[in-house]
Amino acid sequence: MNMDIDHFPPDEQGTATPGRRPAEDDDTEKAEDNIENKKKKIVNVIVNEPTLELDTYIGNYSGHTKVDRLVFIAERCPPLSIEAYRLALVEIRTDLNVGQYGKVLGKLNAALRDRNQLVEPVDEKWVSDSKHIYKERLERLERELKEYKVNLIKESIRMGHNDLGDHHYNAGELDQALKCYMRTKDYCTFAKHVIEMNFNVAQVCLEMNNFAHVTTYITKAENTPEAVDPKHLTASKLKCMSGLVNLEGGKYKRAALDFLQVSFALGSEFSRVIAPNDVAIYGGLCALATFDRVELKAKVFDNTEFRQYLELEPQIRELLQGFYHSKYSLCLEVLAKLKNDFHLDIWLHGHVDELYRKIRRKALVQYFHPFLAVDLKRMARAFGTSVTELEEELRVLIVAKEINARIDSHSKASRLSSTSLFPKQFQTLIAALQILRLQNADQRSIIFERSLAMGIDYQIQLRHTLLRMKLVRSDLLVKESTNDRSRRNIMFPSSGSIAASGSSRSDPRPDSKDPMIVDA
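For clarity, every value in this text was computed on a predicted model and none was experimentally measured. (Residues numbered from 1 in each chain as written. Predicted model: local features only at pLDDT ≥ 70, side-chain atom pairs only at ≥ 80, totals over all residues. Heavy atoms only, no water.)

### Observations regarding the overall build of the protein chain
- The helix and strand tally for the protein chain stands at 25 helices and three strands.
- Within the span of the protein chain, comprising 520 residues, buried residues form 41% of the whole. (Helix = DSSP H or I, 4+ residues; strand = E, 2+ residues; numbered from the N terminus. Buried < 20%, exposed > 50% of the residue type's maximum accessible area, 1.4 Å probe, protein only.)

Okay, here's the thing in structure tokens:
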């Protein structure tokens, strides 16, 4: 490893930020994405009016993700860039990633020059000490691993590879760390070792943006013969990583289901990847964008574990409750306040517009659902838009058959001609009305389709019955043998036989039911 301060390592060994660093399998991921769940578009939105408190926000994270989030915020929020870069440098010094230190320091000095401020000098002492510690520790771990291999102790060899992988991970060498973790596969003797290996590989692949491999190793960990307990912290960590992968791929419903299964006992144990507040935000937004009212009630509000996460984010809780109780103006207001903060989130920033669009479309559909006709002006006021823009949104929903309705654009003229005898103020009122009407369903077609379905079901049942009759007639059914029947009667005697045997022991007289015996 070249530890010179002027040499910056390749992106896969540096800062891992979704959507910023090129992954090796980007082409494969794009080919696997379907039309309904398109991969997020990379958008660089500059936020000039942030509302988050940086110290409080970043205190929920640790390790590489803390640095990645600070650099991400600094690049997209000029008012917080200097502070974010400096906090990132403080966190980097807790590890041995000299290459990332030089990269972040260069960005900080560039931002300082743009503001005509003094640049930060390089901490030569820390760089020299980090190089020395890295080299010395690497040599010691490699020497110990060779000794373990000579002694042929599988558990020691496995732990040696894990320690070497942790060392490379702390230094930012993700490729080397991945190789070390994968080498432990041949030395796993228990199920928990297999789960640990798959978990470590999935975590490194997640940071490298190799999302296909993350899903593979999460599945392997969950399908281990002695799988982890759903209430165990490892299971919750796997669900968090699975949720992030599904969120990254635009599979919002799967992501919501993953985050809803995270146990609240996880707390800050996984702060190197995700914070408890993120579980509430990601899970709440994805659920709101994809769940219907019944699913929201059953899977969100009745979920005791997830309700505790919502207590950490009162605005997300207020958003979910407002949507469930049809307070759409409140929902849109909360979403507008949080939008800037979401654009500064390392995982959420590329999905903000798509999630907001889905939530708004669901709100429009749900608003119209209980009515036969809706005044578009009143509806436009509820959603904070103009009638023209609302008509365009409704047109898209009607074409997509999400709303079974029609916009009554001709009623204005017809009503005016038919109501010419009314006073002028009533004519003006009628002319101003623009109505969205429920489209009447063809009941005859519905009944015909139901009848046809019942006929098809009847034919299937009849064929099954005829097949069984033919099997019985041809003696092709497997019957219970006499030995099996007698063995079953011995092991599980019927109540009648038990009563009969009891009566024979207590009463030595012949059976009174014998027709040859006359009861005295």
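### Thoughts on the packing of helix H9 (residues 191–207) against helix H10 (residues 211–222)
- Contact geometry for H9 and H10: axes closest at 8 Å, N-to-C directions at 165 degrees. With respect to their mutual orientation, H9 and H10 come out roughly antiparallel. You can see that H9 and H10 cross each other, and the crossing is left-handed. Two secondary-structure elements touch here, H9 through Ile195, Asn198, Val201, Ala202, Cys205 and Leu206 and H10 through Phe211, His213, Val214, Tyr217, Ile218, Lys220 and Ala221. (Axes fitted to C-alpha atoms, helices over the stretch in contact; angles between N-to-C directions. Parallel < 35°, antiparallel > 145°, perpendicular 65-115°, else oblique. Left-handed = near helix turned anticlockwise from the far one by under 90°. Contact = heavy atoms within 4.5 Å.)

### Remarks on the packing of aromatic side chains
- Per the stated rule, a full pass over the model turns up eleven aromatic pairs.
- Ring centres of Tyr367 and Phe383 lie 5.5 Å apart, and the angle between their planes is 70 degrees; on these two criteria the pair is classed as edge-to-face. Of this pair, Tyr367 sits in helix H18 (residues 352–368) while Phe383 sits in the loop between helix H19 (376–382) and helix H20 (387–399); the two residues are 16 residues apart in sequence, bridging distant segments of the chain. The same class applies to Tyr367 as to Phe383, namely buried. (Phe/Tyr/Trp six-rings, centres within 6.5 Å; stacked < 30°, edge-to-face > 60°.)

### Regarding unusual backbone geometry
- Even without glycine at this site, Lys401 takes up a positive phi of about 60 degrees.
- Its place among the elements puts Lys401 in the loop between H20 and strand S2 (405–408).
- Accessibility expressed as a relative area gives 76% for Lys401, which makes it exposed.

### What to know about the pattern of salt bridges
- Scanning the model with the defined rule gives 23 salt bridges in all.
- Among the ionic pairs, Asp302 bridges to Lys297, the shortest N-O distance being 3.1 Å.
- Salt bridges linked by common partners bring Arg69, Asp278 and Asp345 together as one network. (Salt bridge = Lys/Arg side-chain N within 4 Å of Asp/Glu carboxyl O.)

### Some thoughts on the environment of Val201
- Structurally, Val201 is set in helix H9.
- Spatially, the C-alpha atom of Val201 lies 9.3 Å from that of Cys180, the residues being 21 residues apart in sequence.
- Residues in contact with Val201, not counting those within four places in the same chain, are Leu178, Tyr181, Met182 and Tyr217.

### Some details on a nonpolar patch on the surface
- Taken together, Phe448, Leu452, Ile456 and Ile460 make up a surface patch of nonpolar side chains, about 390 Å² in accessible area.
- Take Ile460: its relative accessible area is 33%, and that puts it in the partly exposed class. (Patch = residues over 30% accessible without salt bridge, like charges linked within 9 Å, V, L, I, M, F, W, Y side chains within 5 Å. Areas by Shrake-Rupley, 256 points an atom, 1.4 Å probe, with all protein chains shown as cover.)

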